[in-house]
Amino acid sequence: MLSPTPLSLICALLLCLPLAVVFTITSPTATTIPVDLSKTQNQESTCPPPFSAAKRHQKIDLRLKSIPNSPPPPLPPPPPPPLSLPEEDETLLRVASRVNSRPVPRTAPKKLALMFLTTAPLPFAPLWELYLNQTPKTLFNIYVHADPTRKYDPPFSGVFARRVIHSRPSQRQTPTLTSAARRLLAHALLDDPSNAVFVLLSPSCVPLHSFNFTYRTLTRSKKSFIEILENEVGSYDRWAARGPDAMLPEVRLEDFRIGSQFWALTRKHARLVVSDRRLWPKFSLPCVRLDTCYPEENYFPTLLSMRDPLGCVPATLTHVDWSGRTDGHPRTYEASEVGPELIRTLRSDSPRYGDAITNGSDSSVSQGQRRDPFLFARKFSPDTIQPLMSIARDVIFSD
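The structure presented is a predicted model; accordingly, all values stated were derived computationally and were not measured.

### Considerations on the nonpolar core
- Judged by nonpolar contacts, the single largest core of 50 residues is most densely connected at F116, I142, F160, L218 and F380.
- Taken together, the elements giving at least two residues each to this core come down to β1 (111-118), α5 (125-132), β2 (140-146), β3 (195-201), α7 (211-219), α12 (340-348), β9 (376-377) and α15 (385-396).
- Ignoring anything within four residues of it in the chain, the contact list for L218 reads L112, V197, V199, F225, A264, L317 and L375.

### Section: the environment of W322
- With respect to the helices and strands, W322 occurs in the loop between β8 (318-319) and α12.
- Sequence separation between W322 and T332 is 10 residues; the distance between their C-alpha atoms is 9.8 Å.
- When neighbours within four sequence positions are excluded, W322 is seen to be in contact with G328, H329 and P330.

### Looking at the layout of surface pockets
- Taken as a whole, the largest pocket encloses approximately 1,300 Å³ of empty space.
- Taken together, 47 residues line the largest pocket, and the ones lying closest to its centre are E297, W322, G328, P330 and R378.
- Residue assignment for the lining of the largest pocket shows that the elements contributing at least two residues are β1, α8 (235-239) and β8.
- Across the lining of the largest pocket, the residue classes break down as 14 nonpolar, 18 polar and 15 charged.
- In this structure, the second largest pocket is lined by 23 residues; those nearest its centre are P103, K110, S221, K222 and T266.
- Of all the secondary structure elements, the ones that give two or more residues to the lining of the second largest pocket are β3, α7 and α9 (267-275).
- Looking at side-chain class alone, the lining of the second largest pocket contains 8 nonpolar, 7 polar and 8 charged residues.

### Focus: the packing of α9 against helix α11 (residues 299-307)
- Where α9 contacts α11, the two axes come as close as 11 Å, and the packing angle between them is 110 degrees. When the axis of α9 is compared with that of α11, the two are roughly perpendicular. Across the interface between the two elements, H269, L272 and V273 of α9 pack against Y299, F300, L303, L304 and R307 of α11.
- Tallied by class, residues from the contact of α9 with α11 come to 6 nonpolar, 1 polar and 1 charged.

### Regarding the pairing of β3
- Counted residue by residue, β3 has 7 buried out of 7 residues, so it is predominantly covered.
- Note that β1 and β3 share 6 bridges and pair parallel. Looking at the pairing, A113 lines up with F198 of β3.
- For β3 and strand β6 (residues 264-266), the ladder comprises 3 bridges, and the chain directions are antiparallel. Pairing of V199 across the sheet is with A264, part of β6.

What counts and what doesn't
- Residues numbered from 1 in each chain as written.
- Predicted model: local features only at pLDDT ≥ 70, side-chain atom pairs only at ≥ 80, totals over all residues.
- Heavy atoms only, no water.
- Core = buried A, V, L, I, M, F, W, Y, C linked by side-chain atoms within 4.5 Å.
- Buried < 20%, exposed > 50% of the residue type's maximum accessible area, 1.4 Å probe, protein only.
- Helix = DSSP H or I, 4+ residues; strand = E, 2+ residues; numbered from the N terminus.
- Contact = heavy atoms within 4.5 Å.
- 1 Å grid on protein atoms, 1.4 Å probe; cavity = no way out; pocket = protein on both sides within 12 Å on 5 of 7 lines; lining within 4 Å.
- Points joined across faces, edges and corners; volume = space filled by probe spheres on them.
- Nonpolar A, V, L, I, M, F, W, Y, C, P; charged D, E, K, R; others polar.
- Axes fitted to C-alpha atoms, helices over the stretch in contact; angles between N-to-C directions.
- Parallel < 35°, antiparallel > 145°, perpendicular 65-115°, else oblique.
- Pairing = 2+ DSSP bridges.

See below:
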């Protein structure tokens, strides 16, 4: 075997020297750290695997793309505060008399203002709830005048909740019932400019048709439906109920009219009523004869007959049966009488029209060409609610 020469040893040493230097510089100082293998295994099993910077940027980009460029939609505005109306009648009516006499905006659907004048709980509230159940809120409003001296149990709820206007005591044979109706008109005029037809109803009234049928009938007409009768039996006694000459000179006997207290007025006529300062001071006088004092049946037909007879159909669309009655109250239907046949009978009856010539109404009345349908009926006793509800969908609201 050949022995290495000194020269070969020196060359080998020179070749290995750079590797030793590099190893010494790049290697960190070794430190002994005890390692728990079990913990290491747990960390490896729970920690996510490492990912590259490219993948990290890719995930951030995806998240940024999911954020919309446009700002979030603004929150809806808060509801308007409740309408604050004067409680004193003179101021209330004066403010209401300034409203637009036409429904606005014209592009919006017309609304029915259903106005209930009551001194008791509404026994047919469930029937009215069903009547309005499928009706858009854009087609009607409800207003209730409730005598504050009476108790209302159960309280008004459903579509009647929070619909009671500022009310005052009201009773028959006084001007207070007429005042209550004028108060309802004023509130309805001021509450919604889209109210186009103003219907006065009693707690004993029930609908005879569906809301859609009633809505079409009333909103297609440009006239008010109000009974206006002349030369009725007892006209003079009613006219002189406040005294022989108390109504003069504003209301002469030949101008005095009688009619049902339940009507459907156009917005024009509703404003005319609340604006009246000429006839109302006469009709608001207390009566000296209570047995002939019915201002709610005289004021409205007299006023409209004197101011705008051509704008009226002189008939009421609320059916009532006065046959054989002498006590000042119409026939009241009991539960045993209620059924499909009664509803059909009430529907088939024809309204009584006032004298078209003296009232100045359209010629179709005098020629017997009009046949407007009854839309409501009274008087129903409270115990008829169950038989009425049982035939509501299939009979009353079937048209």
